[in-house]
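A look at the structure
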Amino acid sequence: MLKRLLAGLVSGLMAAFLPACDGINLQKLKPGISTVQDVREIMGPPNMEWNDADGTLTWEYPRTPEGIVNYMIVFGPDKVLREVRQVLTEENFGRIQAGMSKEDVRRLLGQPAHEFYFSLKKEHVWDWKTKVESGMDWYFNVHFDESWRVLKTSANFSSKG
């Protein structure tokens, strides 16, 4: 019981302070000036890293499951910061199309908050928290078939408490 209480307290504190820390840390990053080393010192190690054929490097900093943002930090071939993107946006949700691979979805939206498998439907579902209001958490969902190709998207909410 005590472990569960402490885990809940730590989770709540992280949810409260991570956005504040991100706001401070992200202000320290300067496109065209900050390097991969600077970003690693300020933001810590990335959760995922992608290297493109043109030398571009993208680092993922998810803030799920408690947060409603996921950051992609993009570097040029010279390893200098190009941009910081918050990827959980309506525009990006609209880019999800039937047939996309799970890798394409992950690259576009970052790490999901939750992953589920529904054996009767033979369907995998990833979700991302999109907003919190009036005691409810709202989620964007991507449904995959068993070969990890997008079937559809949906949205839902869950009430807190």
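Before going into details, it helps to say that this report is about the structure given with it. The residue count restarts for each chain, going from 1 along the sequence in the order it is written. Local features in a predicted model are, by the rule used here, given only for residues with pLDDT of at least 70; side-chain atom pairs are given and counted only at 80 or more, and totals for whole chains, interfaces and linings are based on all residues. Here the side-chain values reflect all heavy atoms present in the structure, with hydrogen atoms and water set aside.

**Description of the pattern of salt bridges**
- For this analysis, a salt bridge means a side-chain nitrogen from Lys or Arg found within 4 Å of a carboxyl oxygen belonging to Asp or Glu. Within the structure shown, the criterion is met by seven salt bridges.
- The salt bridge involving Arg-107 is made with Asp-52; its shortest N-O contact spans 3.0 Å. Of this pair, Arg-107 sits in helix α4 (residues 102-109) while Asp-52 sits in the loop between β1 (48-51) and β2 (57-62), placing them 55 residues apart in sequence.
- For every residue, the accessible area obtained with a 1.4 Å probe (protein chains only) is divided by the maximum for its type, and the residue is called buried under 20%, exposed over 50%, and partly exposed between those limits. Residue Arg-107 is classed as partly exposed on the basis of its relative accessible area, which comes to 28%.
- Within the structure, one salt-bridge network assembled from shared partners comprises Glu-66, Lys-129 and Asp-137. Each helix is a run of H or I in the DSSP string that is no shorter than four residues. Each strand is a run of E no shorter than two, and both are numbered from the N terminus.

**Digging into the pairing of strand β7 (residues 136-144)**
- The buried fraction of β7 amounts to eight of the nine residues, a majority that puts the element mostly inside the structure.
- Relative to β7, strand β6 (residues 123-133) is paired through nine bridges, and the arrangement is antiparallel. Each bridged residue has a counterpart across the sheet, and for Val-132 the counterpart in β7 is Asp-137.
- We call two strands paired when DSSP finds no fewer than two bridges between them. Counting the residues between successive antiparallel strands, the hairpin from β6 to β7 contains two residues, one of them, Ser-134, with a positive phi of roughly 45°.
- Strand direction decides the pairing type here: β7 and strand β8 (residues 150-159), joined by nine bridges, are antiparallel. Residue pairing in the sheet places Tyr-139 in a bridge with Asn-156 of β8.
- With antiparallel pairing between neighbouring strands as the criterion, β7 and β8 make up a hairpin whose turn holds five residues, including Trp-148 at a positive phi of roughly 65°.

**A look at the nonpolar core**
- By nonpolar core we mean a set of buried residues, namely Ala, Val, Leu, Ile, Met, Phe, Trp, Tyr and Cys, connected to one another through side-chain atoms within 4.5 Å. Ranked by internal contacts, the top residues of the largest apolar core, which has 13 residues, are Ile-96, Val-105, Leu-109, Trp-128, Phe-140, Val-142 and Val-150.
- Only α4, β6 and β7 provide two or more residues apiece to this core.
- Contacts: residue pairs with any heavy atoms within 4.5 Å of one another. Discounting chain neighbours no more than four positions away, the residues touching Leu-109 are Asn-70, Met-72, Val-87, Leu-88, Asn-92, Phe-93, Ile-96, Trp-128 and Phe-140.

**Quick notes on the environment of Pro-62**
- You can see Pro-62 is positioned in strand β2.
- A relative accessible area of 14% means that Pro-62 is categorised as buried.
- A sequence separation of 48 residues divides Pro-62 from Gly-110, and the C-alpha atoms of the two residues are 6.4 Å apart.

**Focus: unusual backbone geometry**
- In this structure, the amide linkage connecting Thr-64 to the following residue, Pro-65, adopts the cis form with an omega of 10°.
- For Lys-122, which is not glycine, the phi torsion reads 55° and is therefore positive.
- Looking at the element boundaries, Lys-122 is found in the loop between β5 (114-118) and β6.
- Positive phi, close to 45°, is recorded for Ser-134, a residue that is not glycine.
- Inspection of the secondary structure puts Ser-134 in the loop between β6 and β7.
- You can call Ser-134 exposed: its relative accessible area is 73%.

**Examining the packing of aromatic side chains**
- The criterion for an aromatic pair is that two Phe, Tyr or Trp rings (for Trp, the six-membered ring) have centres within 6.5 Å, with stacked assigned to planes under 30 degrees apart, edge-to-face to planes over 60 apart and tilted to the rest. Summed over the entire model, instances satisfying the criterion amount to nine aromatic pairs.
- Seen in terms of ring centroids, Trp-126 and Trp-128 are 6.2 Å apart; in terms of plane orientation they differ by 75°. Their pairing is edge-to-face. There is no split in this pair, since Trp-126 and Trp-128 are both buried.
- Comment: the charge-over-ring label is applied if NZ (Lys) or CZ (Arg) is within 6 Å of the ring centre and within 35 degrees of the ring normal. The ring of Trp-148 carries the charged tip of Lys-102 above its face, separated from the ring centre by 4.5 Å.
- It is Lys-131 that lies over the ring of Trp-138; its NZ or CZ is 5.2 Å from the centre.

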